[in-house]
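# Chains, contacts and geometry: an overview
The lines below spell out each chain.
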Amino acid sequence: MVDLLQITEFEETFLEHSLQPCGPIPTIGDPEGVYPYVSYCETAKRPSLRRFKMVSMENRHLKVTVCPDLGGRVHSIVEKASGKEILFQAETVRPARILPRMAFISGGIEVSFPISHTPVQIETVRYFAEQIDDRAYLWCGEREVRCGMQWTVEFSLGIDDCFLTQRTLFHNPTQLEHPWMSWSNAAVAALPDTEIHFPNGRVLQHGDGLREIDWETQEYHTISDFNRMLGFFWMTTDCNAFGAYTPSLGCGLYHIANEVEVPGIKLWVYGIGRHEPWSHVSGLRKQSYLEIQAGPIKEQAIKYILAPGETRMHTEFWFPTKVPMKIRELNLPKPRLLLQKDIPLFEWVERPETEPWIRLMDIYRKLDIDEIGAPPDPIGHVWPPSGMENLDETLNWVISNSNGATREVWQYYLAMWQAAKGQIVEAIEALTGMDADFAHALRGRLLRACVGDVQGACEAFRDIKTHAWSLHPQIVVERDLALSALGKETLVERAMWLGRVDSLDDDYLLERKACLLLDSGQPSAARQLLLSTSFERVHQRYDRSKLWGMIESALGNSSIELPETLGEDDLAEYGLYRSNENPRND
């Protein structure tokens, strides 16, 4: 029994499924990626073993465990009187195809910033834990590499607290304004008897369409009342608390916050029935979960703007419980916390993808030419962070002190950084002067996805000389997207390239082959290919669904039912999950 407070740092071994990166082209202009992070296209079926850093805080009521190696998420909350685990446990780190990096992991409590879901949920972040007076504090955070903003999430426990206090701090130290959103997302087990305790009010329901409902008039009481995946956003409320409780497990989790600071309330369910398997793809067992979420923005079609030098903070409280709670009787706690100015803000995390650029900026500050060294290998997914706002000065200095092939690689990285900062024309011009396959591949992507010059994109891909680069599946797909936009005149060339990789069981290649069959006047063959392929499940992507609709139209079929084998959900397109979507600062 812990009488007072205890903070413990340790390692725990988890099962982890490895990930396959999409390819060597950076995620600029990629609707399924967020630069400068790597996106993924496959998750290994068999896990391996890996040790993760863990930090626990506990008092006599609760034990809270956080994993800095998984983005600072709360991994576990144990209600000590009952010994019950409150949060959903996936029991493995098994990333699923959900934006922004197609590498979502379920379970615990995830805090996202500056996009939802957090792009660092499979990355290590900085952390610091300390007991101050009668309170245990744990801070996790970083300076994120997309925009260069800083975030810190603070978890704390007082000696007698039966709740977890969470404060989240955002700061923009850059010279530019940046869009952002943030949600605190808690996963709990979803069994047929799991009770949904949410406020009455006007609610935006997101399913296969968008509609506004009156929550009080709906028959949504337990998970068994939902027959599909649905998201709900509260537009108005009659209280500022919500939660879920499962009688058969004897535990639940509730949330409360000041409604001015944290007006966002969301519920996500997979329901009972045909969508339930979607919740299994990120776990070890076929067990479903639901998500109760809160945030400083009301819904996920809105991003706010953080101005240069601006700081924002909000506070939330999580109540683990062994008995159901009445949300309208839940009072907002008033713990004595550190002043905002005493909350630490963290700098860049030295990961394999960021360390070379942190080191390079340090070398530039010292103007130490002898320390420059070789550039990162272009096949290694080590892309210059767009959040390092003056990195162009560093790269120009390095280029001026380099020569030969090394100089060209540094020029490639400068062009990449320029493109990520929106300087597309300058980047394309620089890449056009290079004769390297990595430069041709990026130029092709920029011309097709960012400029709309598909003819120029095709020429860039034709400039690729080596076997490995020309036949990498990502480049085969990019090339086929560009060629298909030119029309039927490219059918022979498309068939040649897709034919050279036809032994690969790759979802994206098979999708492009089905497109080729349709464009070649073979809709029945395209239909059969889609039906005979069991595609991996992917959220918020609808390319195969749209392709299916075109095939059915070509065959004169009126049915709009989508086969489960397509692996795409049937949700209406909604929410600013992609990095290239424009924010509304409502």
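See the structure printed just above.
When two helices pack together, you describe them by how their axes are tilted relative to each other and by the distance separating the axes. In the contact formed by helix H3 (residues 404-420) and helix H5 (residues 437-451), the axes pass within 11 Å of each other and the chain directions differ by 15 degrees. One way to sum up the angle between H3 and H5 is to call them roughly parallel. Relative to H5, the crossing made by H3 is left-handed. Touching Val 409, Tyr 412, Met 416 and Ala 419 of H3 are Phe 438, Ala 439, Leu 442 and Leu 446, all from H5. Per-class residue counts for the contact of H3 with H5 are eight nonpolar, no polar and no charged.

A few words on the sheet that holds strand E11 (residues 150-158). The eight strands are arranged E9-E10-E11-E12-E24-E20-E19-E15 in an open sheet whose pairing can be described as antiparallel. The sheet terminates laterally at strand E9 (126-132) and strand E15 (195-197), the two strands that pair on one side only. Each strand axis lies, on average, 15 degrees off the axis of its neighbour in the sheet, ignoring direction. Sheet analysis places strand E19 (residues 241-246) next to strand E20 (residues 251-257), joined by six bridges and oriented antiparallel.

Turning our eyes to something else, we now look at the side chain of Ser 116. Topologically, Ser 116 is positioned in the loop between strand E8 (109-111) and E9. Here the side chain of Ser 116 touches Gln 300 through a polar contact of 3.2 Å, side chain to side chain.

Formed by 141 residues in total, the largest nonpolar core has its most connected members in Trp 215, Phe 226, Phe 232, Leu 267 and Leu 290. With nine residues, H3 is the largest single contributor of residues to this core. Trp 215 has contacts with Ile 196, Phe 198, Pro 199, Asn 200, Gly 201, Val 203, Tyr 220, Phe 226, Phe 232, Trp 234 and Leu 267, leaving out every residue within four places of it along the chain. Formed by 13 residues, the second largest nonpolar core is a distinct cluster that contains Leu 510, Ala 514, Cys 515 and Leu 517.

Moving on, we get to the state of the cysteines. Counted under the stated rule, the structure contains zero disulfides. Residue Cys 239 stays outside any disulfide, its sulfur separated by 18 Å from that of Cys 162, the closest cysteine. Among the residues examined, Cys 239 registers a relative accessible area of 10% and is labelled buried.

Procedures and definitions
- Residues numbered from 1 in each chain as written.
- Predicted model: local features only at pLDDT ≥ 70, side-chain atom pairs only at ≥ 80, totals over all residues.
- Heavy atoms only, no water.
- Axes fitted to C-alpha atoms, helices over the stretch in contact; angles between N-to-C directions.
- Helix = DSSP H or I, 4+ residues; strand = E, 2+ residues; numbered from the N terminus.
- Parallel < 35°, antiparallel > 145°, perpendicular 65-115°, else oblique.
- Left-handed = near helix turned anticlockwise from the far one by under 90°.
- Contact = heavy atoms within 4.5 Å.
- Nonpolar A, V, L, I, M, F, W, Y, C, P; charged D, E, K, R; others polar.
- Pairing = 2+ DSSP bridges.
- Polar contact = N/O pair within 3.5 Å; in protein donor to acceptor, adjacent residues only side chain to side chain.
- Core = buried A, V, L, I, M, F, W, Y, C linked by side-chain atoms within 4.5 Å.
- Buried < 20%, exposed > 50% of the residue type's maximum accessible area, 1.4 Å probe, protein only.
- Disulfide = S-S within 2.5 Å.

Functional significance is not addressed by these values, which are geometric in nature.
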